[in-house]
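Structure assessment
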Amino acid sequence: MQEYDLYINVKKPAIGLYVKKGASLPDIADKSDWVFDGTSAQDLLPPSVIEGVNAFGHAFRDMD
């Protein structure tokens with residue numbers, strides 16, 4: 001089963017960024033704003049996150 005790494009934005013903790021497990025963060029302006037927060041199995045995530053990662057290599061999620 002595919003797994004996904006979650007990064008949280010320290011300046012805006014309500015924003016999460018998912019990538020495939022082991023992939024680096026996408027080319028974003030300030031990578032220091034993002035901290036690793038763990039790994040989740042595919043069946044624990046909404047379909048929209050999986051679709052976004054498959055299409056774009058990453059997906060944002062409202063963590064509230």
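Quick note: structure is the one above.
Residues numbered from 1 in each chain as written. Predicted model: local features only at pLDDT ≥ 70, side-chain atom pairs only at ≥ 80, totals over all residues. Heavy atoms only, no water.

1. Observations concerning the side chain of Ser40
If you trace the backbone, Ser40 turns up in strand S3 (residues 34–41). Ser40 has contacts with Gln2, Glu3, Tyr4 and Leu45, leaving out every residue within four places of it along the chain. (Helix = DSSP H or I, 4+ residues; strand = E, 2+ residues; numbered from the N terminus. Contact = heavy atoms within 4.5 Å.)

2. Side note on the side chain of Asp33
Tracing the backbone shows Asp33 in the loop between strand S2 (15–20) and S3. Leave out the neighbours within four places in its chain, and Asp33 touches Ile8, Asn9, Val10 and Lys11.

3. Points about the nonpolar core
One finds Tyr4, Leu6, Ile8, Tyr18, Leu45, Val49, Ile50, Val53 and Ala59 forming the largest nonpolar core, which totals nine residues. For this core, the elements supplying multiple residues, two or more each, are strand S1 (3–9) and helix H1 (47–56). The contacts of Ala59, once residues within four sequence positions are left out, are Gly16, Leu17, Tyr18, Val49, Gly52 and Val53. (Core = buried A, V, L, I, M, F, W, Y, C linked by side-chain atoms within 4.5 Å. Buried < 20%, exposed > 50% of the residue type's maximum accessible area, 1.4 Å probe, protein only.)

4. Description of the sheet that holds S1
Taken in spatial order, the four strands line up as S3-S1-S2-S4 in an open sheet, and their pairing is antiparallel. The open sheet has two free edges, formed respectively by S3 and strand S4 (59–62), since each of these has just one partner strand. Direction aside, the axes of adjacent strands within the sheet are offset by 30° on average. Where S2 lies against S4, four bridges are found, and the strand directions are antiparallel. Bridging across to S4, Gly16 finds its partner in Arg61. (Pairing = 2+ DSSP bridges. Axes fitted to C-alpha atoms, helices over the stretch in contact; angles between N-to-C directions.)

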